[in-house]
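# Architecture and fold: a report
These are the residues of each chain, in order.
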Amino acid sequence: MNNIIKSLCYDAVKSKGLIRLVIFIMLLMGLITVLNINLAGELPGTSGMLVSNPDITYLMGFLFTGILIAMISGDGFADKTSNYEVMSGHSRKSIIIARGLFGAVVTALVLTAASFIPIIVGNIFFDWGDSLRLSDVIIRQLLYFFPLLRISAFTVSMLYIIRNQYITMILGYGLIMFVNMVDHINKSYYSAVSNLELLTDYKGWSIYNLDPVDGIVEYSAYDSNIDPKMVFGTIAVSLVMAAFYLILAYAVFRREDID
């Protein structure tokens, strides 16, 4: 298993396509930040943008989940590497742990890092504003890793069911976006997309005042504090579901014939 992981790490570092994709994701997140930061209405700064467009930090990442998983973990199907690994004495369980878990963790790390680009770019070129506390937002976005790990593990299970990295790229995005539309009905920790929405749900309230010059003036306040229940629910449910998806991938792979 260690040899497989070392080989995957080497391939990832040497893969020009993967490196270019990661750079593209980061640049795209920066561009989206610049284009949206001035559309926050009356809420100034980067924090105002995050309140007005809370899904800007993670929604774009869904587009690349299937592509990243396919590039990191799916090459074994294209060139029969997984079959050679089985014939060379590696157990199928070790292959799933190495390829599936490695791909899910790396994908979740890349997308979590990308979620911080709006904060970094916003603070460099604009100001933070006063709508949210920066430390609270950082903690919330660090927690992105766990639901993103769950989504990545789900995509890994799809990869092992379909056994085609290119179809996984397309279907992975489509299924995740479908779940995203359905999950708007009921937010909970039991769906990764809903979990991300909970992590970006900043409770707020507004006060209106009559000004003799400006007319009706709105004052808004938002609560970015982290509920311990949110932290525990995010981590616990995500780890359990990620494990379930990887076990599902193993169950499928264990019964596959070597060709």
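Residues numbered from 1 in each chain as written. Predicted model: local features only at pLDDT ≥ 70, side-chain atom pairs only at ≥ 80, totals over all residues. Heavy atoms only, no water.

### Here we look at the overall build of the protein chain
Each helix and strand counted, the protein chain has 13 helices and two strands in total. Put simply, the protein chain has 259 residues, and 46% of those count as buried. A separation of at least 24 residues holds for 75% of the contacts in the protein chain among residues at least 6 apart in sequence. (Helix = DSSP H or I, 4+ residues; strand = E, 2+ residues; numbered from the N terminus. Buried < 20%, exposed > 50% of the residue type's maximum accessible area, 1.4 Å probe, protein only. Contact = heavy atoms within 4.5 Å.)

### A closer look at empty space enclosed by the protein
Here the structure, examined in full by the defined rule, presents one cavity of 30 Å³ or more. Each pocket or cavity is described by its volume, and for the largest cavity that value is around 50 Å³. Every residue along the wall of the largest cavity is listed here: Met29, Thr57, Tyr58, Met60, Gly61, Leu111, Ala114 and Leu148. Residue classes in the lining of the largest cavity are distributed as six nonpolar, two polar and no charged. (1 Å grid on protein atoms, 1.4 Å probe; cavity = no way out; pocket = protein on both sides within 12 Å on 5 of 7 lines; lining within 4 Å. Points joined across faces, edges and corners; volume = space filled by probe spheres on them. Nonpolar A, V, L, I, M, F, W, Y, C, P; charged D, E, K, R; others polar.)

### So, the packing of helix α12 (residues 192–199) against helix α13 (residues 228–254)
In a packed pair of helices, the relevant descriptors are the angle between the two axes and the axis-to-axis distance. Contact geometry for α12 and α13: axes closest at 11 Å, N-to-C directions at 160°. With respect to their mutual orientation, α12 and α13 come out roughly antiparallel. Taken as a pair, α12 and α13 cross one another with a handedness that is left-handed. Taken together, the residues of α13 that come into contact with α12 (itself represented by Asn195, Leu198 and Leu199) are Met230, Thr234 and Ser238. (Axes fitted to C-alpha atoms, helices over the stretch in contact; angles between N-to-C directions. Parallel < 35°, antiparallel > 145°, perpendicular 65-115°, else oblique. Left-handed = near helix turned anticlockwise from the far one by under 90°.)

### Concerning the confidence of the model for the protein chain
On average, residues of the protein chain carry a pLDDT of 78, and 74% of them reach 70 or more. Put simply, helix α6 (residues 81–87) is where the protein chain has its lowest mean pLDDT, 56, and helix α9 (residues 134–142) is where it has its highest, 91. (pLDDT = per-residue confidence, 0-100.)

### Let's talk about the environment of threonine 234
Examined against the element boundaries, threonine 234 turns out to sit in helix α13. Spatially, the C-alpha atoms of threonine 234 and alanine 192 are 8.7 Å apart, while their sequence positions differ by 42 residues.

### So, helix α2 (residues 16–36)
The first and last C-alpha atoms of α2 sit 30 Å apart over 21 residues, in line with the 30 Å expected at 1.5 Å per residue. Looking only at α2, the buried set comprises Leu18, Leu21, Ile25, Leu28, Met29, Gly30, Ile32 and Thr33. (Expected span 1.5 Å × (residues − 1).)

### Structural notes on the side chain of serine 157
The residue serine 157 is located in helix α10 (residues 145–162) in this model. Looking at serine 157, its side chain comes within polar contact range of the main-chain oxygen of phenylalanine 154, at 2.5 Å. Excluding its chain neighbours within four sequence positions, the residues that come into contact with serine 157 are Tyr245, Leu248 and Ala249. (Polar contact = N/O pair within 3.5 Å; in protein donor to acceptor, adjacent residues only side chain to side chain.)

### Some remarks on the side chain of serine 238
Mapped onto the elements, serine 238 comes out in helix α13. Since its relative accessible area comes to 0%, serine 238 is described here as buried. Apart from residues no more than four positions distant in its own chain, serine 238 is found in contact with Phe146, Pro147, Arg150, Asn195 and Gly233.

### Digging into the packing of aromatic side chains
Pairs of aromatic rings are described using the distance from one ring centre to the other and the angle between the two planes. Applying the stated criterion across every chain, the model contains five aromatic pairs. Between phenylalanine 24 and phenylalanine 64, the ring centres sit 6.1 Å apart and the planes meet at 75°, which makes this aromatic pair edge-to-face. With phenylalanine 24 in helix α2 and phenylalanine 64 in helix α4 (residues 62–73), the pair connects residues that are 40 residues apart, well separated along the chain. Take phenylalanine 64: its relative accessible area is 5%, and that puts it in the buried class. A connected cluster of aromatic rings, assembled from ring pairs, spans Phe154, Phe244 and Tyr245. (Phe/Tyr/Trp six-rings, centres within 6.5 Å; stacked < 30°, edge-to-face > 60°.)

### What about the pattern of salt bridges?
Following the criterion strictly, the structure yields one salt bridge and no others. When the shortest N-O distance is used, the salt bridge between aspartate 136 and arginine 133 registers 2.9 Å. Its relative accessible area of 8% is what places aspartate 136 among the buried residues. (Salt bridge = Lys/Arg side-chain N within 4 Å of Asp/Glu carboxyl O.)

### Notes on the nonpolar core
Residues Leu50, Leu68, Leu148 and Tyr160 are the most contacted members of the largest nonpolar core, which totals 56 residues. The contact partners of leucine 68, leaving out residues within four places of it in the chain, are Leu18, Leu21, Ile25, Thr107, Val110 and Leu111. (Core = buried A, V, L, I, M, F, W, Y, C linked by side-chain atoms within 4.5 Å.)

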